[in-house]
Amino acid sequence: MPSIGLPHQPIWIQNMEIRLAHESDIKDIVLLDQVAHSNDARRDFIARSIHSGATWVAVIDETVVGYAVLDYSFYDYGFISMLYVHSQYRKQGIGLALVQRLELTCMTNKLFTSTNESNHPMHSLLARLQYAPSGIINNLDKDDPEIIYFKQIRDGMPDKTSS
């Protein structure tokens, strides 16, 4: 990965830019996110996440091809609450680059995320990035438990964002 600089500066990896999302990206993110097409709550989540400065986008040739959201809603630890890459751009390292960017941006020493048990590509990505399973939540989605993952991303930082 290239030199990163400050935590909120955009970075370039080959022809892909990873940067904080702008309000003007909302429409593009909604277009790429298939769930957002028919789900008002997902569209609201996207807008709120961008307005709060929690959303990063991957851009190739001026097109948003993926996004990720980092918040601190999980017991005040960093939590990747969304990682989404357009289906035509998957398996090209975009999800990997977005998660690595969130790891560099995260303000706590622990970073968590979760995914459905059925989401095998996400499990593979998290294993590649050395995330460890940390727990299971049943009954969110029928017959598809949510698996919680954890990674110690660095030492010498606050354990949590608040006491």
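### Details of the packing of aromatic side chains
Item 1. Applying the stated criterion across every chain yields a total of six aromatic pairs.
Item 2. Summarising the aromatic geometry, the rings of Tyr77 and Phe112 are spaced 5.5 Å apart at their centres and angled 55° between planes, so their arrangement reads as tilted. Of this pair, Tyr77 sits in strand S5 (residues 77-85) while Phe112 sits in strand S6 (residues 110-116); the two residues are 35 residues apart in sequence, bridging distant segments of the chain. Phe112 shares its class with Tyr77; the two are buried.

### As for unusual backbone geometry
Item 1. At Asp61, a position not held by glycine, the phi torsion is positive, near 50°.
Item 2. Taking the relative accessible area as the measure of exposure, Asp61 reaches 65% and is therefore exposed.
Item 3. You will see that Tyr75, though not glycine, has its phi angle at about 55°, which is positive.
Item 4. Along the chain, the position of Tyr75 falls in the loop between strand S4 (63-74) and S5.

### Re the pairing of strand S8 (residues 146-152)
Item 1. Among the seven residues in S8, five count as buried, and that is most of the element.
Item 2. Pairing analysis gives five bridges linking strand S7 (residues 132-137) to S8, with the strands arranged antiparallel. Each residue of the ladder has a partner; that of Pro133, found in S8, is Tyr149.

### Some details on the pattern of salt bridges
Item 1. Applying the stated criterion to the full structure yields six salt bridges.
Item 2. For Arg19, the salt bridge identified is with Asp25, shortest N-O distance 2.7 Å. We note that Arg19, like Asp25, is buried.
Item 3. A single salt-bridge network, built from bridges that share partners, covers Glu17, Arg19 and Asp25.

### Examining the nonpolar core
Item 1. Judged by nonpolar contacts, the single largest core of 26 residues is most densely connected at Met16, Ile18, Ala58, Ile94, Leu98, Leu111 and Tyr131.
Item 2. For this core, the elements supplying multiple residues, two or more each, are strand S2 (16-20), strand S3 (55-60), S4, S5, helix H3 (94-105), helix H4 (120-128) and S8.
Item 3. Here this core gets six residues from one element, more than from any other, and that element is H3.
Item 4. In terms of nonpolar packing, the next biggest core, distinct from the first, is built from 18 residues, Ile26, Ile46, Val57 and Val59 among them.

### Details of the side chain of Ser49
Item 1. One can find Ser49 in helix H2 (residues 40-51).
Item 2. Aside from chain neighbours lying at most four places away, what touches Ser49 is Ala54, Thr55 and Val69.

### Topic: the confidence of the model for the chain
Item 1. When pLDDT is averaged along the chain, the result is 90; 87% of the residues meet or exceed 70.
Item 2. Here residues 1-6 is a poorly scored stretch, pLDDT under 50, and it has 13 contacts once near neighbours within four places are set aside; other chains count.

### Structural notes on the environment of Thr105
Item 1. Residue placement: Thr105 occurs in helix H3.
Item 2. Exposure remark for Thr105: the relative accessible area of 7% places this residue in the buried category.
Item 3. For Thr105 and Leu70, which are 35 residues apart along the polypeptide, the C-alpha to C-alpha distance reads 8.6 Å.

Procedures and definitions
Residues numbered from 1 in each chain as written. Predicted model: local features only at pLDDT ≥ 70, side-chain atom pairs only at ≥ 80, totals over all residues. Heavy atoms only, no water. Phe/Tyr/Trp six-rings, centres within 6.5 Å; stacked < 30°, edge-to-face > 60°. Helix = DSSP H or I, 4+ residues; strand = E, 2+ residues; numbered from the N terminus. Buried < 20%, exposed > 50% of the residue type's maximum accessible area, 1.4 Å probe, protein only. Pairing = 2+ DSSP bridges. Salt bridge = Lys/Arg side-chain N within 4 Å of Asp/Glu carboxyl O. Core = buried A, V, L, I, M, F, W, Y, C linked by side-chain atoms within 4.5 Å. Contact = heavy atoms within 4.5 Å. pLDDT = per-residue confidence, 0-100.

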